[in-house]
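Descriptive structure summary
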Amino acid sequence: MEKKHITFTPDVLLLDVTFLNDTVYNAKRLLAERLGRTLPDTDLVAWLLCLALDGGLRGEGRVVQILLVADEGVHALQGCAPGLLEELDGKACRTPLGEFSFSVVPSAGMVTRADLFCELAKLALDAQEVEHLLLVPDFYEYGEKLRKTFRDFTLEAEDEKALGKALCFLLEEPDGGLPCRADLVTYSLMHVWGIAPEDL
């Protein structure tokens, strides 16, 4: 994958589809059992808007580039509306922040989804045009590889401002910390599922 073939916008959100389909989907099912009620499908745009706001994006007229990293052969986001990847790929929608532009990036035979996610993260970190990089990785699967990506960037970065442009959304605080900003993905998911703190 060569950088010259990728054009980034200033605001990029990198999302691992397997994390959404496995970890998030199972967490939703367990919460529904615990609460004794059916939870709604994840409103994808509303959730991504929450993540963008949690990531510090403000104002109007932004173009947020949503990159959905998926294993080859995966065609849908489980429990999401909209959910079909082919219906999202190349499409855009208007939000209070501006435009959300979707691209599906499938891993093909020679590269794993983990390697692809980390490579895209590295390219976006290195890209001077990227001001905000929000990541939703499958941290349980390739957390150490992602840590190395951030560590390498931190060692090489010459611009102090560049060091703070990445924010990683996780289910829990990582052991040993992370060489970038981190936040919990839980709050935004609870919001779109209609779960109040007192419900738990």
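Notes on the structure follow. Just so it is clear, the structure is predicted and the values come from calculations on it, not from any experiment.

Turning our attention to the packing of helix α4 (residues 113–126) against helix α5 (residues 139–156). Running from N to C, α4 and α5 point in directions that differ by 20 degrees, and their axes come no closer than 10 Å. One way to sum up the angle between α4 and α5 is to call them roughly parallel. Relative to α5, the crossing made by α4 is right-handed. Between α4 and α5, the residues in contact are Arg-113, Ala-114, Asp-115, Phe-117, Cys-118, Ala-121, Lys-122, Leu-125 and Asp-126 and Glu-141, Tyr-142, Lys-145, Leu-146, Thr-149, Phe-150 and Phe-153, respectively. Here the contact of α4 with α5 is composed, by residue class, of nine nonpolar, one polar and six charged.

Below, the discussion takes up the sheet that holds strand β9 (residues 181–184). If you trace the seven strands from one edge of the open sheet to the other, you get β5-β6-β3-β1-β7-β8-β9, paired in mixed fashion. At either margin of the open sheet sits one strand with a lone partner, and together these are β5 (92–95) and β9. Each strand of the sheet is rotated relative to its neighbour by a mean of 25 degrees, with strand direction disregarded. With 10 bridges connecting them, strand β3 (residues 62–71) and strand β6 (residues 98–107) associate as parallel partners. Bridged to Asp-71 within β6 is Ser-107. Along the sheet face, helix α2 (residues 44–54) touches β1 (11–16), β3, β5, β6, β7 (132–136), β8 (166–170) and β9 and points at about 105 degrees away from the line of β6.

About the criteria used
Residues numbered from 1 in each chain as written. Predicted model: local features only at pLDDT ≥ 70, side-chain atom pairs only at ≥ 80, totals over all residues. Heavy atoms only, no water. Axes fitted to C-alpha atoms, helices over the stretch in contact; angles between N-to-C directions. Helix = DSSP H or I, 4+ residues; strand = E, 2+ residues; numbered from the N terminus. Parallel < 35°, antiparallel > 145°, perpendicular 65-115°, else oblique. Left-handed = near helix turned anticlockwise from the far one by under 90°. Contact = heavy atoms within 4.5 Å. Nonpolar A, V, L, I, M, F, W, Y, C, P; charged D, E, K, R; others polar. Pairing = 2+ DSSP bridges.

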